[in-house]
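Here is how the chains run, residue by residue.
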Amino acid sequence: MPEIAGFNTRAIHAGQEPDSLTGAVAVPIYQTSTYKQDGVGGLRGGYEYSRSANPTRTALETALAAAEGGARGLAFASGLAAEDTLLRTVCQPGDHILLPDDAYGGTFRLVASVFARWGVEYTPVSLGDLDAVRAAVRPTTRVIWCETPTNPLLGIADIAGLADVARANELLLAVDNTFASPYLQQPLALGADVVVHSTTKYLGGHSDVVGGALVAADAELGERLAFHQNAMGSVAGPFDSWLVLRGLKTLGVRMDRHCANAAAVVDFLAAHDAVSAVHYPGLDTHPGHAVAAAQMRDFGGMISFRLNGTSSQSGEDLALAVCAGVEIFTLGESLGGVESLIEHPARMTHASVANSPLAVPADLVRLSVGIEDVDDLIADLDQALAQALERGAHSSASTA
Ligand SMILES: *Cc1c(COP(=O)(O)O)cnc(C)c1O
């Protein structure tokens, strides 16, 4: 395959040549822990034990590296397993990490509750403000951790700007690219050192697998990460690797539909009287719109919005009623699957950060817009909003 092949060609072919033994077009699921050696040390394909390497995982790791434009891809049992391996590879006791002040809750918990016990310090910082990032750098800082867009408020960070700060201070820039996916955003090309994924989300794309990935820009970091992947052992299994590989092939077409559907849902929500704010980087009123337009191919499938309280119901009441009243959207955590999901961050995904600086508004609803027919999605939200408002009108009439 030519080096310069486009994204979809790489996603479908990189690491996925037809099987040399049978010609199987789909990469086989090598459900094996070990490999016969032809005499001691006589490895047939370089494989000796599946924690160290497995052909199905190798295919995925090669495809992930090609998708992100990196030197080395590594697949893990979950996104957090990938994060754990990365941080233990590059940090030691006494080191300091800059974390987004709206970091994914699991990332915050890993750093604040696990790494802190091993003497790694952190500072939450607003990544949208490069001066604040520069000011937070200490002599012991090792890593800038970036997420863009963020969860659930869809904040945008300038990856190239952060890469300049990282380079000037000899820090490592890690970008969690889960929300955008490599189809919409290529952090390594913008100067990041390593990309992190929860492949559970858009890369898997079908809500049927939990997985994670790292892609290193250069081979030297890739080699150190691979050493720790084997030494720590939180690898992706063969079937999970196969599911993510299968998802990756259609990532581009799925993302195009996620983005188009999200844009139409945003138009509907922005025009609705009960909605007080819509958070979506595609809106030109979004503070990160210009940066997002420059560094992303399109604006993604995640939206959050807030609800106006009425005389009879708070915005939180309405948010909960909308979550309860939808019929096509599924109430649930996670994101990035073909089916649309809805959730109430304050009581669900972000309940663990209640009463902390990372707390989110109680009247906020988050949508992961799927790839169903968008008219059906809008009609579903419309009826759920109408039903929620109606309920309040009745209860105020009955109490009057
Ligand atoms: C889900 C998620 C993770 C964690 O991944 P798991 O696969 O659940 O371990 C990390 N970052 C972001 C942005 C996520 O959405």
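Keep in mind that what you see is a predicted model, and the values were worked out from it rather than measured. (Residues numbered from 1 in each chain as written. Predicted model: local features only at pLDDT ≥ 70, side-chain atom pairs only at ≥ 80, totals over all residues. Heavy atoms only, no water.)

Chemist: Outline the domain arrangement of the protein chain, listing residues and values.
Modeler: The domain architecture assigned to the protein chain consists of domain 1 (7–249) and domain 2 (252–399). A C-alpha centroid distance of 29 Å is found between domain 1 and domain 2. Contact residues are listed per partner, giving 33 residues for domain 1 and 35 residues for domain 2. Carbon and sulfur atoms supply 62% of the area that domain 1 and domain 2 bury against each other, a total of about 2,900 Å² over both sides. Together, Tyr-183, Leu-184 and Tyr-202 form the three largest contributors to the area buried by domain 1 at its contact with domain 2, with a combined 27%. Between the two partners, domain 1 and domain 2, sit zero salt bridges. Within the residue set of the side of domain 1 that touches domain 2, elements represented by two or more residues are helix H1 (7–13), helix H7 (181–184) and helix H9 (238–249). No other element matches H7, which puts three residues into the side of domain 1 that touches domain 2. (Domains from an automatic or database assignment. Contact = heavy atoms within 4.5 Å. Buried area = accessible area lost by both parts, 1.4 Å probe. Salt bridge = Lys/Arg side-chain N within 4 Å of Asp/Glu carboxyl O. Helix = DSSP H or I, 4+ residues; strand = E, 2+ residues; numbered from the N terminus.)

Chemist: Go over the sheet that holds strand S5 (residues 172–176), please, and point to the residues and values.
Modeler: If you trace the seven strands from one edge of the open sheet to the other, you get S1-S7-S6-S5-S4-S2-S3, paired in mixed fashion. The sheet is open, and its two borders are formed by strand S1 (72–76) and strand S3 (121–125), each paired with just one other strand. The average undirected angle you get between the axes of adjacent strands in this sheet is 20 degrees. Strands S1, strand S6 (194–198) and strand S7 (212–216) of the sheet are contacted by helix H2 (residues 55–68), whose axis makes an angle of about 125 degrees with S1. (Pairing = 2+ DSSP bridges. Axes fitted to C-alpha atoms, helices over the stretch in contact; angles between N-to-C directions.)

Chemist: Tell me what's going on with the packing of aromatic side chains, and back it up with residues and numbers.
Modeler: This model, assessed by the stated rule, comprises five aromatic pairs. With a centroid separation of 5.8 Å and an interplanar angle of 85 degrees, the aromatic rings of Phe-108 and Tyr-122 are classed as edge-to-face. Of this pair, Phe-108 sits in helix H4 (residues 105–114) while Tyr-122 is found in strand S3, placing the two residues 14 residues apart along the sequence. Taking relative accessible area as the criterion, Phe-108 reaches 19% and is therefore assigned buried. Looking at Tyr-122, the relative accessible area reads 27%, which means it is partly exposed. Centroid distance Tyr-280 to Phe-299: 6.5 Å. Interplanar angle 70 degrees. Geometry classified as edge-to-face. Here Phe-299 lies in the loop between helix H11 (289–295) and strand S9 (302–307) and Tyr-280 lies in the loop between strand S8 (275–279) and H11, a separation of 19 residues in the sequence. (Phe/Tyr/Trp six-rings, centres within 6.5 Å; stacked < 30°, edge-to-face > 60°. Buried < 20%, exposed > 50% of the residue type's maximum accessible area, 1.4 Å probe, protein only.)

Chemist: Tell me about unusual backbone geometry, and name the residues and values.
Modeler: For the bond running from Thr-148 to Pro-149, omega is -10 degrees, close enough to zero to count as cis. Along the polypeptide, Pro-149 turns up in the loop between strand S4 (141–147) and helix H6 (159–168). In this model, Asn-151 is joined to Pro-152 through a cis peptide bond whose omega is 5 degrees. Secondary-structure assignment places Pro-152 in the loop between S4 and H6. Notably, Leu-154 is not glycine yet its phi reads approximately 60 degrees, a positive angle.

Chemist: Which residues make up the packing of helix H3 (residues 79–90) against helix H8 (residues 219–232), and what are the values?
Modeler: Closest axis-to-axis distance for the H3/H8 pair is 9 Å, and the angle between their directions is 115 degrees. By crossing handedness, the relation of H3 to H8 is classed as right-handed. On the side of H3, the interface is formed by Asp-84, Thr-85, Leu-86, Arg-88, Thr-89 and Val-90, while H8 contributes Leu-221, Arg-224, Leu-225, His-228, Gln-229 and Met-232. Its residues assigned to classes, the contact of H3 with H8 comprises five nonpolar, four polar and three charged. (Left-handed = near helix turned anticlockwise from the far one by under 90°. Nonpolar A, V, L, I, M, F, W, Y, C, P; charged D, E, K, R; others polar.)

Chemist: Give a description of the site of the ligand that names residues and reports values.
Modeler: Lining the immediate environment of the ligand, one finds Ser-78, Gly-79, Leu-80, Glu-83, Tyr-104, Asp-176, Thr-178, Phe-179, Ser-198, Thr-200, Lys-201 and Gly-211. In this structure, Thr-200 approaches the ligand through a side-chain N or O atom, which is 2.8 Å from an oxygen atom. A total of 380 Å² of accessible area belongs to the ligand in isolation, and the protein chains cover 91% of it. Element by element, the count of residues in the shell around the ligand is highest for H3, at three residues. Residue composition of the shell around the ligand, by class: three nonpolar, six polar and three charged. (Near = heavy atom within 4 Å. Polar contact = N/O pair within 3.5 Å; in protein donor to acceptor, adjacent residues only side chain to side chain. Areas by Shrake-Rupley, 256 points an atom, 1.4 Å probe, with all protein chains shown as cover.)

Chemist: Got a sec to walk through the side chain of His-350? Specific residues and values, please.
Modeler: Relative to the helices and strands, His-350 resides in the loop between strand S11 (341–343) and strand S12 (364–368). In this structure His-350 comes out as buried when scored by relative accessible area, which is 6%. Here Thr-349 takes part through its side chain, which lies 2.8 Å from a polar atom of the side chain of His-350. Those residues in contact with His-350 that sit more than four places away from it in its chain are Asn-151, Pro-152, Pro-345 and Val-360.

Chemist: Explain H9 residue by residue, including any values.
Modeler: In a regular helix each residue adds 1.5 Å, so twelve residues correspond to 16 Å; H9 covers 17 Å between its end C-alpha atoms and thus fits that length. Tucked inside the fold, the buried residues of H9 contact H1, H2 and helix H10 (251–270). (Expected span 1.5 Å × (residues − 1).)

Chemist: If you had to explain the state of the cysteines to someone new, which residues and values would you point to?
Modeler: Within the structure shown, the criterion is met by zero disulfides. Among the cysteines around Cys-146, which has no disulfide bond, Cys-91 carries the closest sulfur, lying 16 Å off. (Disulfide = S-S within 2.5 Å.)

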